[in-house]
Structure formats: structure tokens, C-alpha cells
Amino acid sequence: MSETVESVSALIIQKLLANPKVPRDIDGNCKIMEDLAFDSLAVMNFVMEVEDSLDVSVPLDKLADIRTINDLAACIVDLKNKG
Amino acid sequence: MTSLFSKFEGLAGALGSVVAAGGRNPFAVVIEKPISSTVGVIEGRETLLFGTNNYLGLSQSERAIKAAQEAAATCGVGTTGSRIANGTQSLHRKLERQIADFFERRDAMVFSTGYQANLGMISALAGKDDYLILDADSHASIYDGSRLSAAQVIRFRHNSPDDLYKRLKRLDAPNSAKLIVVEGIYSMTGNVAPMAEFAAVKRETGAYLMVDEAHSFGVLGEHGRGAAEAEGVEADVDFIVGTFSKSLGTVGGYCVSDHPELELVRLNCRPYMFTASLPPEVIAATGAALEDMIAQPELRRQLMDNAAHLHAGFTKLGLNASKRVSPVIAVTLETVEQAIPMWNRLLELGVYVNLSLPPATPDSRPLLRCSVMATHTAEQIDQALAVFGQAAQECGVPLQPCAA
């Protein structure tokens, strides 16, 4: 697998910045709900976009443990490695 | 010390601004007195009801009222127990047989609410090695059922059989059972599921299929069995769940299936086992309302005619109504600042609809959600349309009329 937490985190940030409402100065340590003001539905919909870019599915129960962009990236890398 | 209630501060602020923008709390409307299935007294005024999900008007069924009175007189007003203890009377078994026969299925389970039917079936069926594959716009009861289950939960894009197929293929879990959950009609938008295409995906991937026909039971299909009947794919549906609190006008939920293991689900289903069963009068009224529905197929035709009437009227006014005509017609507005005054004005002018605000709406825009009834008269629908036109104008909601 070629993805690393850094590369996935960079891809997530790139996707987030495509949304003009997202602050410009985000990094991997930003908390998705608190810092980006995403509600639970927005988080689930955003994760769906990331899933399609990386051809992976993130089960909803895993989302409960994810706070930051790097948490999401680490979860995705873990799922990809298991696959 | 941290307050238990500090987590509600955001909500309190949001509710405060909704009340400040319109003058009343839209989530605390009281129907002081129901006058008929279509008219109720709200704030002392006779108000047209266009937001009650009472699609066939059977909450006021004379046959059901009489059955409830007789059952209360002969069996009492409550069961005081769970279905698996002392809470099953012969009326409960009779209703289960009636529901199973109506759907032409082997057996039925009756739950105390529709919410519990989804909560119970999903959590009982999907174990820790299984996958639940949910439509992204699923009702809260489906999401909550998936949280109560130990299964892995995957969402697919709303009403997209291609996306469902892609996500099932991506799983690569040959030893796990997969349960797809979709709804016949989506409660907020009125969108109808492409059931034939979902059934094809189910067949090809070997998954199980559950359909929540809560809003399509009594509404779609030649006999009113829902979206699966309407598209001729009932044989592909493993479990149909639904509610009595829409078309049948009472309360309660059900699941029907041909799988003989449904009998074992009764003993593995916490929302069925650990709650009191429905009281005799509700069970009797539900059975009578079902008889009423079967005896009057014309109600379903009238309902669809009325839905088409209201939908055409919204389009003519230039409001952005749901694309497909169904008894749930959502008028989408662009901003919450338009939606709150408009909803308040509609109520002041004598029309009750449901106000749905993001994030409870699918695409972050507010909805004025209307539900049509078979018992609405043409005059009542025209009156509601006139009120919508007036309220939109007074509230500065932009209209884009099309040729009728």
C-alpha cells in the first residue's frame, strides 16, 4: 500500500479546502467537528467523498473515535492495510 | 463542576433564534382539538392540516373508533407487560396474522412503535460479524438500530443502486452476512426508492434486503403493500418493516417476513422484549383500520390525485417542490431566514405544515414539508395553495412560476 497517514491527511486537507466555508489555515491536528464547524451529517457526507477517492469504506462506528484530520487519515490507512 | 446541560447550550441558542425569527416555537405546536382528519384547532383557529402523515385519514375511522371502544370495554386499557411475558393477548396474535396475510408473508411481528420495529429488527439481525449497508438519508430509527447492533455500518449514496453495488463489492468480506436497508418513500423529501434496481443489486451480491415501507404502506402498489409491490419485486425483499401511525392512523410497528427464523428474532430483540406491548384498544383499532384500508382502495387513488393537485399547484406558484409526486411533498427554500417567517405566516393564515431545518434535512436547505391526505377536498387544497402564495409573497420568498 502506497498511502501513508501524511499522504492521506494531505488529500483530506486538499478536499476540505475545496469547500470555501472551511478555514484556510487547517492542518492535520484540526478537530473536524469543533474547528471546522461540521455537524454530524456533514462529517458523514465528507467521509463518503474521501472513501470514494481512496476506494475504502469507513464503518460508522469507527467515526465515533475520530476527532482530528490525522485520526481520520490513520483510520483509513489502517483499513487499507487490512484490505 | 461541569453542568450536565452545558452540551445543550448550542441547541438553546439555535432554538432561541428560531423563536426570535418567527415568534413561536415550531416544535411546540399544540393541536387543541382535532375536528376531522383534515382540520384541527391550533391557537384557537381552525387550521388545515397538511403535515400529519395521516395519508388515508384513518385516524378518524369510525370502524376503528368503534373497535377501540369495544376492546377497551372487554379487555381493559393496557396489557401491563412485554410481548414475551404477559403482554400477548389473542388480539395481538390476530393482528399479526392479519398483517402477515395482507403482505402475503409467513409471519409478522408487531412492535409498540414503528421506531422500535426498525430499532429491534436491525439490532437483532445484524451481529458483530455482519455488515449493515444503509441509504445515507435513512430515518433516525434506522441509524439508531444500527448503533444498537454490533455490526459494521456502511452508508451508500441516497437512492443510488450503483453506489450500493460499488460499496458492497468494495467490502471483500465473503464470510460476513450483509443486510441492505432502504425506505420505500423517504419521509422528509418524498423521494421514492428505485426498488427494482436495489433488488437486482441484492440478487447479484447475495445480500439480504430490508425495506422500511413506513410512508409507502397503504400508499404505493396495487394493494397498498408499498414500493416493493409497486415495482414487482416483493419476492426479493427479506423483511418489510413499517408503522401503523401513518396510513392506518393508530400507533405501532411491524415486520413481516417469509423467513421462519422470525420466531427466534422475538427472543433476541431487545426493543421487542423489554417494553410493554400495545394496549388492546390500539391493537383492535389497527386491525379495523386495516380492514377499512382493504375495503376502500379508492382512498389510495384519491390520495394520489390529491398529491398531484397540490404538487401541480406548487409548481404553478413557482415554489421548488419535490421532483416526484408522492403524498409527501417538500417545498425547498434557499435559506432558514426565509423558511422560519414563511412557516409562521402559513400557520397564522390557517395552514399547518412541518418545518424541517438543517441538519435534519438532506442537503442543508430548509424544507416546508407537506403531507397530503385522501380526505383533503379539492377546495382545501386550493385554499392551502392560495395561503402558500400569499405567505411567500409577504415573506419575500422568490417565486419562479412555470407554465401550468
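As the structure is a prediction and not an experimental result, all values here were calculated from the model.

Caption draft 1: Molecular detail of the overall build of chain A. Helix and strand counts for chain A stand at five helices and zero strands. Overall size of chain A, expressed as C-alpha extent along the three principal axes, is 35 × 25 × 20 Å. For chain A, the residues scored as buried account for 45% of the 83 residues in total. Summarising the internal contacts of chain A: among those between residues at least 6 apart in sequence, 57% fall at separations of at least 24. Positive and negative side-chain charges of chain A, numbering 8 and 15 respectively, have mean locations separated by a distance of 1 Å.

Caption draft 2: Structural detail: the interface of chain A and chain B. Taken together, the contacts link 16 residues of chain A with 16 residues of chain B. Together chain A and chain B conceal approximately 1,400 Å² of surface at their shared face, both sides included; 49% is due to carbon and sulfur atoms. A per-residue breakdown of the area chain A buries against chain B is headed by Met48, Asp52 and Leu60 of chain A, which together make up 38% of the total. At the junction of chain A and chain B, the tally comes to six salt bridges. Among the salt bridges present, the one from Lys166 of chain B reaches Asp52 of chain A, with a minimum N-O distance of 3.2 Å.

Caption draft 3: Summary view of the UniProt feature "domain: Carrier" (unreviewed entry) in chain A. UniProt's feature table lists "domain: Carrier" (unreviewed entry) at residues 3–80 of chain A, given in the numbering used throughout. Along residues 3–80 of chain A one finds 63% helix and 0% strand; the C-alpha atoms at either end are 8 Å apart.

Caption draft 4: Structural context of a negative patch on the surface. A cluster of acidic side chains, namely Asp25, Asp27, Glu34 and Asp35 of chain A, defines a negative patch on the protein surface. Mapped onto the elements of the fold, Asp35 of chain A is located in helix α2 (residues 32–36).

Caption draft 5: Local environment of the nonpolar core. Counting 61 residues, the largest nonpolar core has Ile99, Ile133, Ile180, Val182 and Met195 of chain B as the members making the most contacts within it. The leading source of residues in this core is helix α11 (residues 280–295) of chain B, at eight residues. Beyond its immediate stretch of four places on either side in the chain, Ile180 of chain B contacts Ile133, Phe156, Leu164, Leu168, Lys202, Ala207, Tyr208, Leu209 and Met210 of chain B. Listed in part, the 53 residues of the second largest apolar core include Ile13 and Val50 of chain A together with Met210 and Leu262 of chain B.

Caption draft 6: Seen up close, the packing of helix α3 (residues 40–54) of chain A against helix α5 (residues 69–82) of chain A. All names here are of chain A. Running from N to C, α3 and α5 cross one another at 40°; their axes reach a closest spacing of 12 Å. By the angle between their directions, the pair α3 and α5 is classed as oblique. Where α3 crosses over α5, the handedness of that crossing is right-handed. Between α3 and α5, the residues in contact are Phe46, Val47, Val50 and Leu54 and Leu72, Ile76 and Lys80, respectively. When grouped by side-chain class, the residues that make up the contact of α3 with α5 number six nonpolar, no polar and one charged.

Caption draft 7: Local environment of the pairing of strand β7 (residues 178–183) of chain B. Residues and elements named next belong to chain B. Of all six residues that make up β7, six are buried, and the element is covered over most of its length. By the alternation rule, side chains of β7 split into Lys178, Ile180 and Val182 and Leu179, Val181 and Glu183, which are all buried. Pairing between strand β5 (residues 131–135) and β7: four bridges, direction parallel. Bridge pairing links Ile133 to Ile180 in β7. Summarising the sheet, β7 and strand β8 (residues 208–212) pair through five bridges and their orientation is parallel. Paired with Leu179 across the two strands is Tyr208, which belongs to β8. In the classification by handedness, the crossover that spans β7, the intervening helix α7 (residues 195–205) and the parallel β8 is right-handed.

Caption draft 8: Geometry of the sheet that holds strand β11 (residues 320–321) of chain B. All names here are of chain B. Taken together, the four strands give an open sheet; going across it, the order is β11-β12-β15-β14, and neighbouring strands pair in antiparallel fashion. One side of each edge strand has no neighbouring strand; the edge strands of this open sheet are β11 and β14 (354–356). Across the sheet, helix α12 (residues 298–317) lies against β11, β12 (328–332) and β15 (367–371), angled at about 10° from β12, the strand it touches most.

Caption draft 9: The arrangement of helix α6 (residues 161–171) of chain B in detail. Taken together, the buried positions of α6 of chain B are Pro161, Asp163, Leu164, Arg167, Leu168, Arg170 and Leu171 of chain B. Just downstream of α6 of chain B lies Asp172 of chain B, where phi reads positive at about 50°.

Caption draft 10: Molecular detail of the packing of aromatic side chains. Residues and elements named next belong to chain B. Going through the model one piece at a time under the given rule, you end up with eleven aromatic pairs over all chains. Centroid distance Phe102 to Phe103: 5.2 Å. Interplanar angle 85°. Geometry classified as edge-to-face. Assessed through its relative accessible area of 11%, Phe102 is described here as buried. Under the relative-accessibility criterion, Phe103 is labelled buried at 2%. Centroid distance Phe314 to Phe388: 4.7 Å. Interplanar angle 70°. Geometry classified as edge-to-face.

Caption draft 11: Structural context of unusual backbone geometry. In this model, Asp55 of chain A sits at a positive phi of 50°, which is unusual for a non-glycine residue. Within the chain, Thr80 of chain B stands out as a residue other than glycine whose phi angle is a positive 55°. Along the chain, Thr80 of chain B falls in the loop between α2 (62–75) and α3 (90–103).

Caption draft 12: Representation of the side chain of Asp212 of chain B. All names here are of chain B. Here Asp212 lies in strand β8. The buried charged residue Asp212 lacks any salt bridge partner; its closest oppositely charged side chain belongs to Lys246, at an N-O distance of 8.4 Å. In contact with Asp212, not counting residues within four places along its chain, are Asn118, Ile142, Val182, Glu183, Gly184, Val241 and Gly242.

Caption draft 13: Inspection of the pattern of salt bridges at higher detail. This model, assessed by the stated rule, comprises 30 salt bridges over all chains. With a closest N to O distance of 2.8 Å, Arg167 of chain B and Asp52 of chain A form a salt bridge. Placement of the pair is Arg167 of chain B in helix α6 and Asp52 of chain A in helix α3, with the two residues belonging to separate chains. Accessibility expressed as a relative area gives 0% for Arg167 of chain B, which makes it buried. With its nearest N and O atoms 3.0 Å apart, the salt bridge here joins Arg97 of chain B to Asp101 of chain B. One end of the pair is Arg97 of chain B and the other is Asp101 of chain B, both in helix α3 and four residues apart, which spans about a single turn. If you follow the salt bridges from partner to partner, you end up with Glu51, Asp52 and Asp55 of chain A together with Arg157, Asp163, Lys166, Arg167 and Arg170 of chain B in one network.

Each value, and the rule that gives it
- Residues numbered from 1 in each chain as written.
- Chains lettered and ligands numbered in written order.
- Predicted model: local features only at pLDDT ≥ 70, side-chain atom pairs only at ≥ 80, totals over all residues.
- Heavy atoms only, no water.
- Helix = DSSP H or I, 4+ residues; strand = E, 2+ residues; numbered from the N terminus.
- Buried < 20%, exposed > 50% of the residue type's maximum accessible area, 1.4 Å probe, protein only.
- Contact = heavy atoms within 4.5 Å.
- Lys, Arg positive; Asp, Glu negative; His and termini not counted.
- Charge placed at Lys NZ, Arg CZ, Asp CG, Glu CD.
- Buried area = accessible area lost by both parts, 1.4 Å probe.
- Salt bridge = Lys/Arg side-chain N within 4 Å of Asp/Glu carboxyl O.
- UniProt positions renumbered as here; feature names shortened; annotations may be inferred.
- Patch = residues over 30% accessible without salt bridge, like charges linked within 9 Å, V, L, I, M, F, W, Y side chains within 5 Å.
- Areas by Shrake-Rupley, 256 points an atom, 1.4 Å probe, with all protein chains shown as cover.
- Core = buried A, V, L, I, M, F, W, Y, C linked by side-chain atoms within 4.5 Å.
- Axes fitted to C-alpha atoms, helices over the stretch in contact; angles between N-to-C directions.
- Parallel < 35°, antiparallel > 145°, perpendicular 65-115°, else oblique.
- Left-handed = near helix turned anticlockwise from the far one by under 90°.
- Nonpolar A, V, L, I, M, F, W, Y, C, P; charged D, E, K, R; others polar.
- Pairing = 2+ DSSP bridges.
- Right-handed = clockwise from strand over helix to strand, strands pointing away.
- Phe/Tyr/Trp six-rings, centres within 6.5 Å; stacked < 30°, edge-to-face > 60°.

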